[in-house]
There are 2 protein chains.
Amino acid sequence: MTYCLAMALDAGLVFASDSRTNAGVDHISTYRKMRVWQQPDERLIVLLSAGNLAITQAVVAILDQNVRAAESEHSLMQVGSLHHGARIVGQAIRQVYHQDAKALREAGVDFSVSMILGGQVRGEPPRLFMIYAAGNFIEATPETPYFQIGETKYGKPIVDRVISTGTDLTSAAKCALVSLDSTIRSNMTVGLPIDLLVYRRDEFAVATHQLVHDNDPYFREMRTCWGQGIRDLFQVLPDPPWKI
Amino acid sequence: MTYCLAMALDAGLVFASDSRTNAGVDHISTYRKMRVWQQPDERLIVLLSAGNLAITQAVVAILDQNVRAAESEHSLMQVGSLHHGARIVGQAIRQVYHQDAKALREAGVDFSVSMILGGQVRGEPPRLFMIYAAGNFIEATPETPYFQIGETKYGKPIVDRVISTGTDLTSAAKCALVSLDSTIRSNMTVGLPIDLLVYRRDEFAVATHQLVHDNDPYFREMRTCWGQGIRDLFQVLPDPPWKI
């Protein structure tokens, strides 16, 4: 499994992803699921991926190949809008489907993949898209300014309570770490380190990109404070009035 | 969907279940998922059910029929141990499987059912079992003193942080309501009212059984305090040290 989260806020974009991949519980490895393409002052594009690792790697390989084939109209480094970028990612997913889906089906394996594409291309505001296994996609809006892929449930309540488009980038990054931490605690197929990337609107460069390991002092402090805070909050919550 | 939760604590047992049933998003109804059999000073047995409503109702109908057929060795009102009770529930599930599974499969419907059986029969301590669709079952232990069935993920983190076998019944009931509330907020196929039942060890009678509606003053207060408390806790959590 995997858990990736991205938020589209007034101030910019926040991306976070875990780095555990498993093929059964006895075959667990570390693979980062965040990919960044950037061109100073022109564009910053981030891709998060969940699903079958062979499929997501094949999709990224196609995207990289298109970037290397300079003048390609399928290159993320050439697109004039992120919407066009989402279409390119969708087409790459469909290409892998045509190559592999039949053989996967015969082996009893689902064609499972989902991706989040976000960033900013000069001439546009920052944008955020979620792309499905069928290659179609949706865009984040002010009413629903975030996307999750993979193991999404454990980490959703805190995002729903805290995030709106007006949230500042520091709070949003903190919320992303809390959301990832809740998921990592509850599902052993989601694991550290966490890739955390913050993009500030109109900067066309990474504001911060951290790889957060288990021994990161801030992450440890945050985890401890949050866990103790939840238990303290539970203690002060009024008791039921019923005779028990 | 459904969400049911039960805890086996030193002081007794706590059961909670929502009451929403849906066949697609355009066919939502209210059905309670908690069933109680009791015999003063002798036994108290509670059954929680999740899955296909036609299946769970068929299982309960068999259990009720067995109870009415007095001297039956398949009656929950006659069993000398809750382990025997769990076997009876498992057999009832298998009976429904033999009646209905083929027709369900032909209609493209899964044979989906899971149940939690808990209570106390005189001569034994309180016990708690989870019964699967195949009719087999497991028992709660001090290391893992609770079971969940249905939509379990949203409401699991708070239970993991708060509940151990030493937790008192009032705190456990409060925790069950928080867990149900988190799930109800995140998944519209889980809904109010909540059936909440507390059983105090060796009393062989219900300590409290509440049907908690949306307009319940305590539940509303608890919801508000919890939501505000989470947001406050998030605010005082230290900010990341990285330049963002």
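Structure: above.
Along each chain, numbering runs from 1 in the same order as the chain's sequence is written. Chains carry letters from A onward and ligands carry numbers from 1 onward, assigned in written order. This being a predicted model, a pLDDT of at least 70 is required before a residue's local features are given, and a value of 80 or more before pairs of side-chain atoms are given or counted; all residues contribute to the totals for chains, interfaces and linings.

K.L.:
Quick question: what am I supposed to make of the relation of the copies chain B and chain A here?
P.N.:
In this arrangement, two copies of a chain are superimposed by a rotation about an axis accompanied by a shift along the axis. When chain B is brought onto chain A, the operation consists of a screw motion whose angular component is 180 degrees and whose axial shift is 0.0 Å, with 0.0 Å RMSD remaining. Taken together, the rotation and translation describe the operation of a two-fold axis. When C-alpha positions in chain B are compared against the rotation axis, the closest is assigned to Y154(B), at 2.6 Å. Comparing interface residues between copies, 97% of those in chain B also lie at the interface in chain A; the contact surface is shared. A residue counts toward the fit only if its pLDDT is at least 70 in both copies, and the copies are then superposed by least squares on the C-alpha atoms of those residues. Contacts here follow a simple rule: the backbone-placed C-beta atoms of the two residues must lie within 7 Å.

K.L.:
Explain the packing of helix α1 (residues 53-68) of chain B against helix α2 (residues 82-106) of chain B here, please?
P.N.:
In a pair of packed helices, the angle between the axes and the distance between the axes together describe the arrangement. Residues and elements named next belong to chain B. For helices, the axis comes from a line fit to the C-alpha atoms of the stretch in contact; other axes are also lines fit to C-alpha atoms, and the angle between any two N-to-C directions lies between 0 and 180 degrees. Labels follow the DSSP assignment, with helices taken as runs of H or I lasting at least four residues and strands as runs of E lasting at least two, numbered in each case from the N terminus. As a packed pair, α1 and α2 sit with axes 9 Å apart at the nearest point and diverge in direction by 125 degrees. In terms of orientation, α1 lies oblique with respect to α2. The hand of the α1/α2 crossing is right-handed. The segment α1 lies against α2, with I55, A58, V59, I62 and L63 engaging V89, A92, I93, Q95, V96 and D100. For the contact of α1 with α2, the per-class residue count stands at nine nonpolar, one polar and one charged. Oblique is the label for every angle not falling under 35 degrees (roughly parallel), over 145 degrees (roughly antiparallel), or within 65 to 115 degrees (roughly perpendicular). With the far helix as reference, a near helix turned anticlockwise by less than a right angle produces a left-handed crossing, and one turned clockwise produces a right-handed crossing. In this count, Pro and Cys sit with the nonpolar residues alongside Ala, Val, Leu, Ile, Met, Phe, Trp and Tyr, while Asp, Glu, Lys and Arg are called charged and the others, Gly among them, polar.

K.L.:
I tried to follow the nonpolar core on my own but got confused; where do I start?
P.N.:
Considering soluble globular proteins, one finds that nonpolar side chains tend to be buried as a cluster. Remark: nonpolar core denotes a set of buried Ala, Val, Leu, Ile, Met, Phe, Trp, Tyr and Cys residues whose joining runs through C-beta atoms within 7 Å. Comment: burial labels come from other C-beta atoms within 10 Å of the residue's own C-beta, placed from the backbone, where a count of 20 or more is buried, 12 or fewer is exposed, and between is partly exposed. A6(B), V14(B), L48(B), V89(B), L117(B) and A176(B) are the most contacted members of the largest nonpolar core, which totals 70 residues. Here this core gets nine residues from one element, more than from any other, and that element is helix α4 (residues 169-186) of chain B. In contact with V14(B), not counting residues within four places along its chain, are A6(B), M7(B), L169(B), A172(B), A173(B), A176(B) and V198(B). One finds C4(A), V46(A), A133(A) and C175(A) within the second-largest nonpolar core, a separate group that totals 69 residues.

K.L.:
Is there a simple way to think about the sheet that holds strand β10 (residues 146-150) of chain B in this case?
P.N.:
Across a sheet, paired strands are connected by hydrogen bonds in the backbone, their directions being either parallel or antiparallel. Residue and element names in this part refer to chain B. Here we have five strands laid out as an open sheet, ordered β10-β1-β2-β11-β12, and antiparallel in their pairing. Edge positions in the sheet fall to β10 and β12 (206-212), since each of these pairs with one other strand and no more. The sheet shows a mean angle of 10 degrees between the axes of neighbouring strands, taken without regard to direction. Think of it this way: DSSP has to see at least two bridges between two strands before they count as a pair. The sheet contact formed by strand β11 (residues 194-200) and β12 spans six bridges and is antiparallel. Residue pairing for β12: L197 is matched across the bridge by H209. Packing against the sheet, α4 makes contact with β1 (3-9), β2 (12-17) and β11, and its axis sits at approximately 160 degrees to β11.

K.L.:
Sorry, what's going on with the environment of Q78(B) here?
P.N.:
Residues and elements named next belong to chain B. Residue placement: Q78 occurs in the loop between α1 and α2. Expressed as a C-alpha distance, the spacing of Q78 and R231, which sit 153 residues apart in the sequence, is 50 Å. Setting aside its immediate chain neighbours within four residues, Q78 contacts S72 and E73.

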